[in-house]
Each structure stands twice: as structure tokens, then as C-alpha cells.
Amino acid sequence: MKIERWAVLPDLQIPYHDVRSLAAAEKYLLAHRWDGWLQLGDLLDFAELSSHVKGKPGAVSITDNVAKTFEAGRDFLKRHAQIIRKNNVNARLVLLQGNHDFRAVSYAEEHPGLKDHLDVPTNLRLSDLDIEWVPSWEKGKLFRLGNAYFTHGLLTGKYAAARMVDYFGTCIYFGHTHSVEFHPKVRHGDDKTLEGGALGCLCNYNQRYLQGAPTNWQQAVTTLFLQTNGNYNLYVSRIFSHRFVGPDGVLYGG
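Here's what I pulled together on the structure shown here. Sequence order as written defines residue numbering, which begins from 1 separately in each chain. In keeping with the model being predicted, local features are shown solely for residues with a pLDDT of at least 70 and side-chain atom pairs are shown and tallied solely at 80 or more, while totals for entire chains, interfaces and linings include all residues. In computing side-chain properties, one takes all heavy atoms of the structure into account and sets aside hydrogens as well as water.

1. A closer look at the environment of Leu199
Alright, step 1. Starting at the N terminus, helices and strands are each numbered in turn, a helix being any DSSP run of H or I of at least four residues and a strand any DSSP run of E of at least two. Note that Leu199 resides in strand S9 (residues 192–199).
Alright, step 2. The cut-offs for exposure are 20% and 50% of the maximum accessible area for each residue type, with area from a 1.4 Å probe on protein chains only; residues under the lower value are buried, those over the upper are exposed, and the others partly exposed. On the accessibility criterion, Leu199 (1% relative accessible area) is buried.
Alright, step 3. When the C-alpha positions of Leu199 and Thr222 are compared, they lie 7.2 Å apart, and in sequence the two are 23 residues distant.

2. Remarks on the nonpolar core
Alright, step 1. With 38 residues, the main nonpolar core has Trp37, Leu43, Phe76, Leu77 and Leu124 as its most contacted residues.
Alright, step 2. Within the residue set of this core, elements represented by two or more residues are strand S1 (3–9), helix H1 (19–30), helix H2 (66–84), strand S3 (92–96), helix H3 (103–110) and helix H6 (126–129).
Alright, step 3. Looking at this core, the element that brings in the most residues is H2, giving seven residues. Within this scheme, the nonpolar core is defined by two criteria: the residues are buried Ala, Val, Leu, Ile, Met, Phe, Trp, Tyr or Cys, and they are joined through side-chain atoms within 4.5 Å.

3. Considerations on unusual backbone geometry
Alright, step 1. Residue Pro15 is bonded to the preceding Ile14 through a cis peptide linkage, with omega at 15°.
Alright, step 2. Relative to the helices and strands, Pro15 resides in the loop between S1 and H1.
Alright, step 3. The phi dihedral of Gln13 is positive, around 55°, even though this residue is not glycine.
Alright, step 4. By the element assignment, Gln13 lies in the loop between S1 and H1.

4. Some words on the pattern of salt bridges
Alright, step 1. Here a salt bridge means any side-chain nitrogen of Lys or Arg lying within 4 Å of a carboxyl oxygen belonging to Asp or Glu. Scanning the model with the defined rule gives seven salt bridges in all.
Alright, step 2. Residue Lys2 is joined to Asp35 by a salt bridge in which the shortest nitrogen-to-oxygen separation is 3.5 Å. Of this pair, Lys2 sits in the segment before S1 while Asp35 sits in the loop between H1 and strand S2 (36–39), and the two are 33 residues apart along the sequence.
Alright, step 3. Close ionic contact of Asp166 with Lys185 constitutes a salt bridge, the shortest N to O distance being 3.0 Å. Residue Asp166 is located in helix H8 (residues 160–168), and its partner Lys185 is located in strand S8 (residues 180–187); the two are separated by 19 residues in the primary sequence.

5. Some points on the environment of Gly169
Alright, step 1. Looking at the element boundaries, Gly169 is found in the loop between H8 and strand S7 (171–174).
Alright, step 2. Measuring from C-alpha to C-alpha, the distance between Gly169 and Leu194 comes to 7.6 Å, with 25 residues separating the pair along the chain.

6. A word on H3
Alright, step 1. By the burial criterion, the buried members of H3 are Arg103, Ala104 and Ala108. For H3, the angular spread of the buried residues around the axis is 135°, confining them to a single face.
Alright, step 2. Should any heavy atoms of two residues lie within 4.5 Å, those residues are counted as being in contact. Against helix H4 (115–118) and helix H5 (120–123) lie the buried residues of H3. Read the arc as the range of directions from the helix axis to the C-beta atoms.

From the geometry alone we can't say anything about function, so treat these as descriptive.
Put into C-alpha cells, the structure is as follows:
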């Protein structure tokens, strides 16, 4: 039985990603052969396009710049395409759309003349890197790996994982909440347990808009082993102080 290995990366919100934790994750990615790579959305932050800062020029850092954001995103994707395809040129790369990525769409709707300049798949040059784009936030599209479904996210709050599995009625995994949380759902007579799972984040914990408030955010990177019959095992490696032990038993980061 062929077993596929997939890397799943949660919200980075570039340029507000955690550089050291991402470097640890990349060392782990480099150490193995992968069949696929999935990023759960909010790859980019686009604070400069957010409705939350409209009419508030002081709420945006002077370093926030759409062109620089796209450039940083392209650099990240190019690097990860090289990492993932180093040992498998046929590996799939899949990028979901998150609500922060969707800020570019919302802004373009208010300023139609900027539509081409803000189109995320085009400006990230996904076609050049053969990266699949899933409009998860805009159109509610899910990405499926066997019996596991992935989306950027939809429902939030203390019981997000429970609410997500109830809502979708299938095994559903997501980012968006930045927490790591799981909730099982058993259906009577099916002998089948469903699961909802929040898979953390890779962005900095000290985001400006938090204003120092405590959160339940947790950095993590996930590995999914997929069998040909659709069954899978999912391992979430939580990152502490920019270090984690992968499912291979090796310590990454420093």
C-alpha cells in the first residue's frame, strides 16, 4: 500500500510570520520526501488593505506595502517549491485562500482599477510554480485528501473545532483561529468517528492589533500520512520557543 506524506502549514500572515519558527519547520521539510504541501490560507496579511484601518493611517506600519507583501510571498513560495520538490519533482503544492488574502479582493471591489494589481494568484505567480489555488474563503471550496477535508476556516470561538465538525459533517481541518484544538463527533450506528481540528499558526504572537492581550494561539506544523483507501494519520507538532520534535523523533530549530 502506497502511503503519501503531506506537509500542512497554517496561517503565516506574511510579513508578520515568525521567522525562527518557520526556519525550524523548513529544516523538517528538507529532511524528508514529500508527496504534497498544503498551506491553509492567510499566507499574506495585507494589513494595509484591511477595512479595520480604513481612515486610520496611523494604524498601519510604514513598512506595510502591497508590492513588498507580494514579493515576500513569492520568495516564500519559490523556496518551499524547491524544498518540497527537491526529492520529488511531482509533489503537489496547494494554497488555500484565507480571509486575510481576501482583503485584496475586497479592496479591489472598492477600487476596480486596481483589480489586476491585487489579484493574488497572478501576483504570486502561482502558475509559474505549478501551485494549485483553492478559493476557500471566497467560494467555500474545500480541499480533500482521502477522508480528510481542509479549509481555511469559517467558525471561531472557544468551541470552533466542535462547531466546524458539526457544520461540515465530515473530518474537517482548518487554520484561521491560530489555536490547536480537536473535537470528535461519533455518529450512531456508523462505527465512524469524525473530527474537527484547528491546526495552529506560524505567525508572530505579538501582532500589533492584539495590544498585548493574551491569546490561545499556538504555532505548529502538521504531517499527514495518507493511505490509498482514504484513511490517514495526522500528527501536529507544536512549536515551543521556535523548536519542536517531529514525528520522526528529531529535534528541529534552535
